[in-house]
Amino acid sequence: MNMLRIRRVLSLIAISFACAVVISAQSGRRSTGGTTTSTAPSVSGPKAVEKKSPQAPRLQLLVGIDNRDPMSNIPYYVTDTVIDNCVRRLGDAADVIVTSAGRGMNRAEAIKRAKEETVRYVVWLQIGSELADSGRQQKKNQMDELYVSYSILEPGTAKFKQSGRSHHQIYQTGRGGVSTPNKNGPLYSEYALKQAAREAAERVLAAFDIKLRD
């Protein structure tokens, strides 16, 4: 009888221990599955948009013109007419900044200004006479034989990038359908010189592969 009781007591103890182990294990599983850690998404503010710095113009020009030859019969106001029309035509090109240096820019001054520049090209204008170049005397107020010469000097080095001249003539129809230059009147001469200045500007732009539309 004593042995039977002892076995029963040991059996109850074993059963109680087993139940305790099972309950503990189930409790551990519930706690592990029930507590889930979630990482809250980080909320960032609006992204800063980087402002692009404005692009520098592709071409910057400084335009000056030499004084007229005091020994010639070229009217004094002609230099203003030429540089004004040349600068205005250069300004018709997009992405080009043009600054006028005015009158009184001789060759030495043009070279000096170009060496002082770091970005701008120097455009040096001159007014010449085909009559004077050929040794013939020019008549007073006769501008039909005038031309506009230009030189492009590189900034920093003052090297001559390109030089040339433009000469614009207007023709009228004479008797028998023969076209002859209309040399009568100052309006013709001034208009022709304005056109020559504009053509010089277009040739300057063409040196930088820039073409203007009419």
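Refer to the structure above for everything that follows.
My aim in this report is to walk through the structure given alongside it, one point at a time. One numbering rule holds for all chains: residues counted from 1, following each sequence as written. For a predicted model such as this one, the threshold for reporting local features is a pLDDT of at least 70, and the threshold for listing and counting side-chain atom pairs is 80 or more; totals across whole chains, interfaces and linings nevertheless cover every residue. Side-chain measures here rest on the full set of heavy atoms in the structure, leaving out hydrogens and waters.

What follows covers the overall build of the protein chain. The helix and strand tally for the protein chain stands at 5 helices and 7 strands. Counting from the amino terminus, the protein chain carries its helices and strands in the arrangement α-β-α-β-α-β-α-β-β-β-β-α. In what follows, a contact means two residues having at least one pair of non-hydrogen atoms within 4.5 Å. Across the protein chain, the fraction of contacts at a sequence separation of at least 24, relative to all contacts at a separation of at least 6, is 67%. We get accessible surface area from the Shrake-Rupley algorithm with a probe of 1.4 Å; when it comes to residues, only the shown protein chains can shield them. Of the accessible surface of the protein chain, which amounts to about 14700 Å², a share of 52% is contributed by carbon and sulfur atoms. Going along the chain from the N terminus, every DSSP run of H or I of four or more residues is numbered as a helix, and every run of E of two or more is numbered as a strand.

Aromatic rings in a pair are described by how distant their centres are and how their planes are angled relative to each other. Stacked, edge-to-face and tilted are the three classes for Phe, Tyr and Trp ring pairs, Trp counted by its six-membered ring, which pair at centre distances within 6.5 Å; planes under 30 degrees apart are stacked, over 60 edge-to-face, the rest tilted. Tallied over the full model, the rule gives 1 aromatic pair. Aromatic side chains Tyr121 and Phe208 sit 4.8 Å apart centroid to centroid with 75 degrees between the ring planes, which places their arrangement in the edge-to-face category. Here the residue Tyr121 occupies a position in strand β3 (residues 121–129), and Phe208 occupies one in the segment after α5 (186–206), the gap between them amounting to 87 residues. Using a relative accessible area of 11% as the deciding quantity, one classes Phe208 as buried. Between Arg165 and the ring centre of Tyr147, over which it is positioned, the NZ or CZ distance is 3.7 Å. When accessible area is computed with a 1.4 Å probe and restricted to protein chains, residues below 20% of their type maximum are described as buried, those above 50% as exposed, and intermediate ones as partly exposed. The criterion for a charge sitting over a ring is simple: Lys NZ or Arg CZ within 6 Å of the ring centre, and within 35 degrees of the ring normal.

Note that Leu131 resides in helix α4 (residues 130–133). Note: C-alpha distance between Leu131 and Leu146 (15 residues apart in sequence) is 8.1 Å.

To estimate how far a helix should reach, multiply one less than its number of residues by 1.5 Å. Its 13 residues place the ends of helix α2 (residues 78–90) 18 Å apart at the C-alpha level, agreeing with the 18 Å of an ideal helix rising 1.5 Å per residue. Counted residue by residue, α2 has 10 buried out of 13 residues, so it is predominantly covered. The complete set of buried residues in α2 reads Val78, Thr79, Thr81, Val82, Ile83, Asn85, Cys86, Val87, Arg89 and Leu90.

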